[in-house]
Amino acid sequence: MDDQGCPRCKTTKYRNPSLKLLVNVCGHSLCETCVEALFVKGSGICPECGTALRKNNFRVQLFEDPFIEKEIEVRRKILKDYNKKEEDFKTLEEYNDYIEMIETLIFNIVNNIDVDETRQMIEQYKRENKDQINKGRNKKSKDEEYLECLIEQEKEESSLKRKFIVEEEQREKDSKKKHKEALLDELMFSDRSALDILNEHKTDIDKENELRVPVMATTKFSTGIKLGAQGPFMSVPQETVELYTYSSIHLDVLGPDPPDEEALETNGYLRHIRSASDEEKGGGFESKLACMRALLDAVNGLFYLPDQV
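*Asks:* Help me out: how do you make sense of the overall build of the protein in this one?
*Replies:* A tally of regular secondary structure across the protein gives 10 helices and 5 strands. Within the protein, residue pairs in contact and separated by at least 24 positions form 49% of the contacts whose partners lie at least 6 positions apart. On the protein, roughly 24,700 Å² of surface is accessible, and the fraction owed to carbon and sulfur atoms is 53%.

*Asks:* Would you mind going over a negative patch on the surface with me for this structure?
*Replies:* Residues Glu-93, Glu-94, Asp-97 and Glu-100 make up a contiguous surface patch of negative charge. Classification of Asp-97 by relative accessible area gives partly exposed; the value is 43%.

*Asks:* Looking at this model, I keep getting lost on the environment of Asn-57. Mind explaining?
*Replies:* Looking at the element boundaries, Asn-57 is found in the loop between β4 (52-54) and β5 (59-60). For Asn-57 and Gly-42, which are 15 residues apart along the polypeptide, the C-alpha to C-alpha distance reads 9.9 Å. Look past the residues within four positions of Asn-57 in its chain and what remains in contact with it is Val-23 and Asn-24.

*Asks:* In this structure, what is going on with the state of the cysteines? I would like to understand it.
*Replies:* Cysteine pairs can be linked by a disulfide, which is a covalent bond between their two sulfur atoms. Applying the stated criterion to the full structure yields 0 disulfides. Not part of a disulfide, Cys-31 finds its nearest cysteine sulfur in Cys-34, a span of 3.4 Å. Overall, Cys-31 belongs to the buried group, its relative accessible area being 2%. Its sulfur unpaired, Cys-49 is 3.8 Å from the next cysteine sulfur, which belongs to Cys-46. Judged by relative accessible area, Cys-49 falls into the partly exposed class, the value being 39%.

*Asks:* Help me out: how do you make sense of the sheet that holds strand β1 (residues 21-23) in this one?
*Replies:* Consider a sheet: its strands pair through backbone hydrogen bonds, and that pairing is either parallel or antiparallel. Taken in spatial order, the 3 strands line up as β2-β1-β5 in an open sheet, and their pairing is antiparallel. Pairing within the sheet leaves two strands with one partner each, and these edge strands are β2 (29-31) and β5. In this sheet, β2 lies alongside β1 in antiparallel orientation, the contact comprising 3 bridges. Residue pairing for β2: Leu-22 is matched across the bridge by Leu-30.

*Asks:* So what exactly am I meant to see when it comes to the environment of His-272 here?
*Replies:* Structurally, His-272 can be placed in the loop between α8 (261-266) and α9 (278-282). When the C-alpha atoms of His-272 and Cys-291 are compared, they prove to be 8.5 Å apart, with 19 residues separating the residues in sequence.

*Asks:* Help me out: how do you make sense of the packing of aromatic side chains in this one?
*Replies:* Both the distance between ring centres and the angle between the ring planes are used here to describe each pair of aromatic rings. Taken as a whole, this structure holds 5 aromatic pairs when the rule is applied. Centre to centre, the rings of Phe-39 and Phe-58 are 5.0 Å apart; their planes meet at 65 degrees, and the pair counts as edge-to-face. Linking Phe-39 in the loop between α1 (32-38) and β3 (43-45) with Phe-58 in the loop between β4 and β5, this pair joins segments that are 19 residues apart in sequence. By relative accessible area, which is 12% here, Phe-58 ends up buried. Relative to Tyr-98, the ring of Phe-89 has its centre 5.1 Å away and its plane inclined at 45 degrees; by these criteria the two rings are tilted. Judged by relative accessible area, which is 16%, Phe-89 ranks as buried. In textbook terms, an aromatic cluster arises when at least three aromatic residues are bridged by ring pairs, as seen for Tyr-82, Phe-89, Tyr-95, Tyr-98 and Tyr-125.

*Asks:* Even after reading the chapter, I still don't get the packing of helix α3 (residues 92-110) against helix α4 (residues 115-128), so can you show me in this structure?
*Replies:* Geometrically, a packed helix pair is captured by the angle between its two axes and the distance between the axes. The contact between α3 and α4 brings their axes to 9 Å, and the two run at 135 degrees. As the angle between them shows, α3 and α4 are arranged oblique. Our pair here, α3 against α4, has a crossing hand that is left-handed. Contacts from Tyr-98, Leu-105, Asn-108 and Ile-109 in α3 reach Val-115, Thr-118, Arg-119, Met-121, Ile-122 and Tyr-125 in α4. Each residue belonging to the contact of α3 with α4 can be placed in one class, and the counts come to 7 nonpolar, 2 polar and 1 charged.

*Asks:* Sorry, what's going on with the confidence of the model for the protein here?
*Replies:* Close reading of the predicted structure is inappropriate where its pLDDT is low. When pLDDT is averaged across the protein, the result is 80; 86% of the residues are at 70 or more. For the protein, the element scoring lowest by mean pLDDT is helix α5 (residues 130-138), at 76; α3 scores highest, at 89. This model gives residues 229-233 a pLDDT under 50, and the stretch forms 0 contacts once residues within four places in sequence are excluded.

*Asks:* Can you help me understand the packing of helix α2 (residues 66-81) against α3 in this one?
*Replies:* Two elements in contact, α2 and α3, have axes separated by 10 Å at closest approach and are oriented at 135 degrees. The angle between α2 and α3 falls in the class oblique. In terms of crossing hand, the pair formed by α2 and α3 is right-handed. Facing Phe-67, Lys-70, Glu-71, Val-74, Arg-75, Ile-78 and Leu-79 of α2, the residues of α3 in contact are Ile-102, Glu-103, Leu-105, Ile-106, Ile-109 and Val-110. Considered class by class, the residues forming the contact of α2 with α3 number 9 nonpolar, no polar and 4 charged.

*Asks:* Just to check I follow, could you spell out unusual backbone geometry for this structure?
*Replies:* Peptide bonds are mostly trans, and most non-glycine residues show a negative phi. Not every positive phi belongs to a glycine, and Lys-10 is a case in point at roughly 65 degrees. Along the chain, Lys-10 turns up in the segment before β1. The backbone of Asp-114 sits at a positive phi, close to 50 degrees, despite the residue not being glycine. Structurally, Asp-114 can be placed in the loop between α3 and α4.

Scoring rules and cut-offs
Residues numbered from 1 in each chain as written. Predicted model: local features only at pLDDT ≥ 70, side-chain atom pairs only at ≥ 80, totals over all residues. Heavy atoms only, no water. Helix = DSSP H or I, 4+ residues; strand = E, 2+ residues; numbered from the N terminus. Contact = heavy atoms within 4.5 Å. Areas by Shrake-Rupley, 256 points an atom, 1.4 Å probe, with all protein chains shown as cover. Patch = residues over 30% accessible without salt bridge, like charges linked within 9 Å, V, L, I, M, F, W, Y side chains within 5 Å. Salt bridge = Lys/Arg side-chain N within 4 Å of Asp/Glu carboxyl O. Lys, Arg positive; Asp, Glu negative; His and termini not counted. Charge placed at Lys NZ, Arg CZ, Asp CG, Glu CD. Buried < 20%, exposed > 50% of the residue type's maximum accessible area, 1.4 Å probe, protein only. Disulfide = S-S within 2.5 Å. Pairing = 2+ DSSP bridges. Phe/Tyr/Trp six-rings, centres within 6.5 Å; stacked < 30°, edge-to-face > 60°. Axes fitted to C-alpha atoms, helices over the stretch in contact; angles between N-to-C directions. Parallel < 35°, antiparallel > 145°, perpendicular 65-115°, else oblique. Left-handed = near helix turned anticlockwise from the far one by under 90°. Nonpolar A, V, L, I, M, F, W, Y, C, P; charged D, E, K, R; others polar. pLDDT = per-residue confidence, 0-100.

Listed below in structure tokens is the structure:
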């Protein structure tokens, strides 16, 4: 790409390294001096495309290509209104269609394709979905909530680590001061040689340093990814879960065993039970249930002897 410069005054960054280029919604850049000259009244026309512009909409050009600046600005404005999340759709296909529609709108405006029709579609969408847009601006996606949780956790861990380091430094200062005072007192009042006192003092300091718990170096991020790890995927914690094993229910009725469901029909038990209506069958009720319940109530506790308990 050619040297960056102002298309109006032809000043380039090669000749003026401190040149500050500004860009507006149309995507054409101007230097700060030309913006002040052309937009004295607060508004004016772009010398490149003739688009009506406002002075307060100019911003510093960050990218070398002003076309990228235009796309970023258009994308930011459209996504401010088209702010539905993936969880707002029933299927992934509907969400993908929604994303494709947004990209089409952005492409049309950035490349000046059916701009008027595209803007009318956007305005119509804003009118029809005003409440949903306002609600979506305050709603965070699952990814945003997860990232905020990670950031808060990182901040908390950093705060605790800083506090621990400060306390450790203070303990070390107090320990040095204590040993220094003890060494001076012993050198002044002890009858032993200075060399023996210094050697003993050094030995005591070494023992104290060995007993001190060192600060563990960080080996992974708060997300669980190890430092220096390569790859796009996050580490998944390994969990060992015991598989569920089904065991049949044993019902101790303290009496003779009731007949099973097949015996209810063969032995004529159901002749004394009212037949279930269609509405009851629709709710899952059958005559066998009432019959089995009555039989269980009849045999339950027949072998119960309080004296043997």
